[in-house]
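Each chain, written out:
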Amino acid sequence: MPKKIKVKKRGNELGLQIFIIFTKLFGLKGAYSLLYLVSIHYLLFDKVAVKGALAYTERRFKNETFFKKHWRVYQLFINQGKALIDRYAAASGYKGFTFQIKGFDSVKEIVNQNKKGCILVTSHVGNWQVALSCLQELKKDIYLLMRPEDNAAVKKHLKIYSEGEKVKIISLEQDFGGTLEIIEKINNGDVVSIMGDRKYNFPYLDVDFMGDKAGLPLGAFLIAATLECPIIVLLTAKLGHKKYCVDFNNIILPKYENKLNKKQQLKKYMQKYANVLNNYVESYPYQCFLFEDVWNKH
Amino acid sequence: MCEENKELTEMREKLKVLLVDHLSLEDIKPEDIKDDEILFGEGLGLDSLDAVEIVVLLQRNFGLEVKDMNKGREIFYSIDTLAKYVVDNIKDNAD
């Protein structure tokens, strides 16, 4: 019954080692400089990533020439590389990162007042991993629902599971997509982080996103409505060198009105989330790393 | 023995009604669900999110918690296995 989710492997031991050496020798900006070449490689040879990125850029920047569209994709690849380098540096203890945190008091209030935990909905925008360190203050266990990283080099060097004992993984690739474990953790009062923007093979609903119908996974919203727990949308954005904004201000409380057609009742809450993402990409167009055609129904 | 069978039969019927009611199963009536029909994937076609509803339904209606993933796979196999789990565990809780 467990589903194996197929995802293309990117990055190898040698490549990541080169980035790490450059970071150690020349600092973050030195490592960033490599990205300009590496991103050309991905632009030319990683058709899957380019196709996924074009689905976004064509909607965000309408009616552009072939060259301009691909230039935007190139910019996105560079920015994602910067996010990964920052992630490595922050997790490795490099000093000087500053976080402008918005709405964290509401999160603390929700987590401390409710016996139940909450769902933190993350997205492929900004650099959500760097924000995890901010959550340590909650003094709760944080669980990430994710596909186990099967690229050993990425796992080792990007310190995927490195936020200490407070951050743990719930695997998507287990029976019932990890839902039984999620229920247990939320009932225990813990925080479970679920990606809200990639559906993989899981149930989804169509919502309006960037002017088109996009299929977003309804898992987080259905679990929240069924368990009667809040959803906190986590947004992060890079504002400058080593400077990030972490925004917890968007709180959604999914609720069923009746027992009829429950999944469709979640649509309005998912639309709220899509609107939050829509506003985000308006403000930070080069920090959307979705790289998947969520508008494609097949 | 006869009493136990009656209890199981009643529980199966009760669970079928609860599933149809809570899972918004379109065009399916409780009596359409066979006792040994596989609930997830092939068979009734429930998905991982329906498991959330079933877990909560068991908590709210019978005070039962399913935490063990491996047990979950066995318990949620069919109406038969689900009913047996509920009947056995309600008894255990009462003892």
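Residues numbered from 1 in each chain as written. Chains lettered and ligands numbered in written order. Predicted model: local features only at pLDDT ≥ 70, side-chain atom pairs only at ≥ 80, totals over all residues. Heavy atoms only, no water.

Novice: Please clarify how helix α8 (residues 219–227) of chain A should be interpreted in this entry.
Specialist: An α-helical turn contains 3.6 residues, so a residue and the one three or four places further along point in the same direction. Residues and elements named next belong to chain A. Counting buried positions over the 9 residues of α8 gives 9, a clear majority of the element. Looking only at α8, the buried set comprises G219, A220, F221, L222, I223, A224, A225, T226 and L227. Residue E228 follows α8 closely and has a positive phi angle near 60°. (Buried < 20%, exposed > 50% of the residue type's maximum accessible area, 1.4 Å probe, protein only. Helix = DSSP H or I, 4+ residues; strand = E, 2+ residues; numbered from the N terminus.)

Novice: Looking at this structure, I do not really get the nonpolar core. What am I missing?
Specialist: For soluble globular proteins, the rule of thumb is that nonpolar side chains tend to be buried together. Judged by nonpolar contacts, the single largest core of 93 residues is most densely connected at I119, F221 and I231 of chain A together with L15, I54, L58 and F76 of chain B. A per-element tally of this core places helix α2 (residues 48–62) of chain B first, with 9 residues. L15 of chain B has contacts with L57, L58, F62, I79, L82, A83 and V86 of chain B, leaving out every residue within four places of it along the chain. Counting residues in each nonpolar core, the second largest holds 22 residues, with F104, L135, L138 and F248 of chain A among its members. (Core = buried A, V, L, I, M, F, W, Y, C linked by side-chain atoms within 4.5 Å. Contact = heavy atoms within 4.5 Å.)

Novice: Quick question: what am I supposed to make of the packing of α8 of chain A against α2 of chain B here?
Specialist: How two helices sit against one another is set out by the angle between their axes and by the gap between those axes. Interhelical geometry of α8 of chain A versus α2 of chain B gives an angle of 10° and a closest axis separation of 10 Å. On the basis of their axis angle, the class for α8 of chain A and α2 of chain B is roughly parallel. Here G219, L222, I223, T226 and L227 of chain A of α8 of chain A come into contact with α2 of chain B, specifically with L49, V52, E53, V56 and R60 of chain B. Residues of the contact of α8 of chain A with α2 of chain B, tallied by class, amount to 6 nonpolar, 2 polar and 2 charged. (Axes fitted to C-alpha atoms, helices over the stretch in contact; angles between N-to-C directions. Parallel < 35°, antiparallel > 145°, perpendicular 65-115°, else oblique. Nonpolar A, V, L, I, M, F, W, Y, C, P; charged D, E, K, R; others polar.)

Novice: How do you make sense of a nonpolar patch on the surface when you look at a structure like this?
Specialist: Residues and elements named next belong to chain A. A contiguous nonpolar patch, built from L37, I40, L44 and F45 and spanning about 460 Å² of accessible area, is present on the exposed surface. Checked against the element boundaries, F45 lands in helix α1 (residues 13–45). The exposed category is assigned to F45, whose relative accessible area is 58%. (Patch = residues over 30% accessible without salt bridge, like charges linked within 9 Å, V, L, I, M, F, W, Y side chains within 5 Å. Areas by Shrake-Rupley, 256 points an atom, 1.4 Å probe, with all protein chains shown as cover. Salt bridge = Lys/Arg side-chain N within 4 Å of Asp/Glu carboxyl O.)

Novice: Honestly, the layout of surface pockets in this entry has me stumped. Any pointers?
Specialist: To find leftover empty space, one rolls a probe the size of a water molecule over the atoms. Estimated volume of the second largest pocket: approximately 240 Å³. Around the second largest pocket, the lining comprises 16 residues; the ones closest to its centre are K263 of chain A together with L23, S24, E26 and D50 of chain B. Listing elements by their share of the lining of the second largest pocket, those giving two or more residues are α9 (262–265) of chain A together with α2 of chain B. Ranked by residue count, the leading element in the lining of the second largest pocket is α9 of chain A, at 3 residues. Of the residues in the lining of the second largest pocket, the class split is 5 nonpolar, 5 polar and 6 charged. (1 Å grid on protein atoms, 1.4 Å probe; cavity = no way out; pocket = protein on both sides within 12 Å on 5 of 7 lines; lining within 4 Å. Points joined across faces, edges and corners; volume = space filled by probe spheres on them.)

Novice: Is there a simple way to explain the interface of chain A and chain B in this structure?
Specialist: Bring the parts together and some accessible area is lost; that lost area is often taken as the interface size. In this complex, chain A contributes 26 residues to the contact, which on the side of chain B involves 23 residues. Taking both sides of the interface into account, the surface hidden between chain A and chain B amounts to around 2,100 Å²; carbon and sulfur atoms contribute 62%. By the criterion of area lost to chain B, the three top residues of chain A are F176, L180 and K259 of chain A, representing 28% of everything that side buries. Linking chain A with chain B are 5 salt bridges. Salt-bridge contacts for D175 of chain A lead to R73 of chain B; the nearest nitrogen and oxygen are separated by 2.6 Å. Elements represented by at least two residues in the side of chain A that touches chain B include exactly α7 (179–187), α8 and α9 of chain A. The element that contributes the greatest number of residues to the side of chain A that touches chain B is α7 of chain A, accounting for 6 residues. (Buried area = accessible area lost by both parts, 1.4 Å probe.)

Novice: What should I look at first to understand the sheet that holds strand β9 (residues 243–252) of chain A in this one?
Specialist: Hydrogen bonds between backbone atoms are what pair the strands of a sheet, whose relative direction is either parallel or antiparallel. All names here are of chain A. The strand order across the open sheet built from 7 strands is β1-β9-β8-β2-β5-β3-β4, with neighbouring strands paired in mixed fashion. Because the sheet does not close on itself, it has two edges, and the strands there are β1 (98–102) and β4 (167–171). For this sheet the average axis-to-axis angle between neighbouring strands, irrespective of direction, equals 25°. Sheet topology note: the strand β3 (residues 142–146)/β4 ladder contains 5 bridges and is parallel. Bridge pairing links L144 to I169 in β4. Its contacts with the sheet place α8 against β2 (118–122), β5 (191–195), β8 (231–240) and β9, and it is angled at close to 165° to β2. (Pairing = 2+ DSSP bridges.)

Novice: How should I be thinking about unusual backbone geometry in this particular structure?
Specialist: If a residue is not glycine, its phi is most likely negative; likewise, a peptide bond is most likely trans. All names here are of chain A. Of note in this structure, M210 is not a glycine but carries a positive phi near 55°. The topology assignment puts M210 in the loop between β6 (204–209) and β7 (212–217). Residue class for M210 comes out buried when judged on its relative accessible area of 9%. Even without a glycine there, the phi angle at N261 is positive, about 40°. Take N261: it is sitting in the loop between β9 and α9.

Novice: What is the right way to look at the packing of helix α2 (residues 47–60) of chain A against helix α3 (residues 66–91) of chain A in this model?
Specialist: Residue and element names in this part refer to chain A. Remark: α2 packs on α3, axes separated minimally by 9 Å, with the N-to-C direction vectors making an angle of 110°. As the angle between them shows, α2 and α3 are arranged roughly perpendicular. Considering only the axes of α2 and α3, their crossing is right-handed. Contacts between α2 and α3 involve A49, V50, A53, L54, Y56, T57 and E58 from the former and K69, H70, R72, V73, L76 and F77 from the latter. Residues that form the contact of α2 with α3 fall into these classes: 8 nonpolar, 2 polar and 3 charged. (Left-handed = near helix turned anticlockwise from the far one by under 90°.)

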